[in-house]
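So you can see what is in the structure, the chains are spelled out below.
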Amino acid sequence: MVETLRNRNFTLLWLAQLISMTGDWVIFIALPIYIYEQTGSVLATGAMFISNLLPRLLVGSVAGVFVDRWNRKRTMIIADFLRAAIVIVLLGAIAAEQLWLIFPLAFLESSASQFFNQAKNAVLPQLVKRRQLVTANSLNATSENLTRLIGPPLGGALIGILGVSSVLLLDAVTYAMSAALIMLISVSRRPDDTAGQQGTVGIWTEWLGGLRLVAHNRRHSAVFISVGTAMFGLGILNALMIVFVAEVFGGGALQLSSLLAAQAGGGLAAGLLLSQLGRNLQPSRLIPLGAVGMAVLLVAIVNSPNLAFAIVLTAVLGAPIVAFFVSAQTLLHRGVSDAYRGRVFGAFSTTQALTMVGGMGLATLLGDWTGVLPLMHVAAVAFVAAGAFAALRLFPRSSEETLDSERPARIR
């Protein structure tokens, strides 16, 4: 871990992500609270969350095409400044009491984030050595869980004490700070710059090229299917967690926050541990182990005798979740050639969002009919299926296959 953090370029990117994601979580919590306070409408509050989610479905994959065409460092800087500008406009809309503008502006901000995220994922292997990828992804997971712990309570406190304007100003400042840090990164010219040299009419062809790369590569498609299946289960959990806490433990917002904080804390600890052990870990084996661990712990949480025990188990649950997703990210970083990395990670983000929405939709439609607990067990089955599929498709059958799987894949 220390060696990776001594890498100036990676540390600059890591700090930029930590700062900007803290602002993201602050505004992600604060804006829906503000919308509900102003309108009293559950529909309007839900529309706020949808405005943030839709770009992952509609923009994420296409953003990857342009990330493979453009300079990735410049793309991240421009995306940060765009997000800061959109937040300032949002601040003006709220000051003018034009609440309807919040939804399209939130959509635009989230769309700009798709370009930033795909560029960040695509550039990471250029900043660290191959053997440091597990550690780098683990440190990224650590920062994500840290911001989940810091951002929501900070956003709630700011909007309660200083009002929504303070939240928006903070978010804009975090984007500007992120851009300043990324400007200091030194990125060598892409070694594999064969994609994205066509005109605008080639966007469709390039997008399909990224999808074909995933479909034709055994390991890439296995990662997509395994992670998509797990995200389906997580979608069920996200939709039912509030109801689960209320019906099983008689709790409310405070108890739910305790569970979410416990999971983030467990994920933070797991990220730090994985970053220390990175060199000795095999991602292809951690994916199925992480998925099965998620299933076992979820079943234990569902059948917990009390809330305190469930909170402890939820903290432990953070570890297999981090191991699962860090390993999936690392396999794609190692196996996808530079020229296709933006498109593959764009498609990966869209796949995760789509399958999560599917799980949430199933839970929403069937929750009242089946009850919460059966659907929670369906989520556990999804995790087992994700782990079993990964074990069948990702475990190398020979030392030669292990070496082949480490080579970046190209479309033949």
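Residues numbered from 1 in each chain as written. Predicted model: local features only at pLDDT ≥ 70, side-chain atom pairs only at ≥ 80, totals over all residues. Heavy atoms only, no water.

Here we look at empty space enclosed by the protein
Then, in step 1: According to the stated counting rule, one finds 1 cavity of 30 Å³ or more in the structure shown.
Then, in step 2: Volume-wise, the largest cavity comes out at about 30 Å³.
Then, in step 3: Every residue lining the largest cavity is listed: F10, L13, W14, Q17, K120, L124 and N140.
Then, in step 4: Of all the secondary-structure elements, those providing two or more residues to the lining of the largest cavity are α2 (8-39) and α6 (102-127).
Then, in step 5: Looking at which element gives the most residues to the lining of the largest cavity, the answer is α2, with 4 residues.
Then, in step 6: For the lining of the largest cavity, the class distribution of residues is 4 nonpolar, 2 polar and 1 charged. (1 Å grid on protein atoms, 1.4 Å probe; cavity = no way out; pocket = protein on both sides within 12 Å on 5 of 7 lines; lining within 4 Å. Points joined across faces, edges and corners; volume = space filled by probe spheres on them. Helix = DSSP H or I, 4+ residues; strand = E, 2+ residues; numbered from the N terminus. Nonpolar A, V, L, I, M, F, W, Y, C, P; charged D, E, K, R; others polar.)

Section: the packing of helix α12 (residues 283-302) against helix α13 (residues 307-335)
Then, in step 1: Between α12 and α13, whose axes approach to 8 Å, the crossing angle comes to 155°. Relative to α13, the element α12 lies roughly antiparallel. Considering only the axes of α12 and α13, their crossing is left-handed. (Axes fitted to C-alpha atoms, helices over the stretch in contact; angles between N-to-C directions. Parallel < 35°, antiparallel > 145°, perpendicular 65-115°, else oblique. Left-handed = near helix turned anticlockwise from the far one by under 90°.)

Structural notes on a nonpolar patch on the surface
Then, in step 1: A cluster of nonpolar residues, I50, L54 and L58, forms a patch on the protein surface that exposes about 270 Å² of accessible area.
Then, in step 2: Relative to the assigned elements, L58 resides in helix α3 (residues 42-58).
Then, in step 3: In this structure L58 comes out as exposed when scored by relative accessible area, which is 55%. (Patch = residues over 30% accessible without salt bridge, like charges linked within 9 Å, V, L, I, M, F, W, Y side chains within 5 Å. Areas by Shrake-Rupley, 256 points an atom, 1.4 Å probe, with all protein chains shown as cover. Salt bridge = Lys/Arg side-chain N within 4 Å of Asp/Glu carboxyl O. Buried < 20%, exposed > 50% of the residue type's maximum accessible area, 1.4 Å probe, protein only.)

Quick word on the side chain of N137
Then, in step 1: When you line up the elements, N137 lands in helix α7 (residues 133-161).
Then, in step 2: Only 3.2 Å separates the side chain of N137 from the side chain of H333, close enough to count as a polar contact.
Then, in step 3: When neighbours within four sequence positions are excluded, N137 is seen to be in contact with L124, V326, Q329, T330 and H333. (Polar contact = N/O pair within 3.5 Å; in protein donor to acceptor, adjacent residues only side chain to side chain. Contact = heavy atoms within 4.5 Å.)

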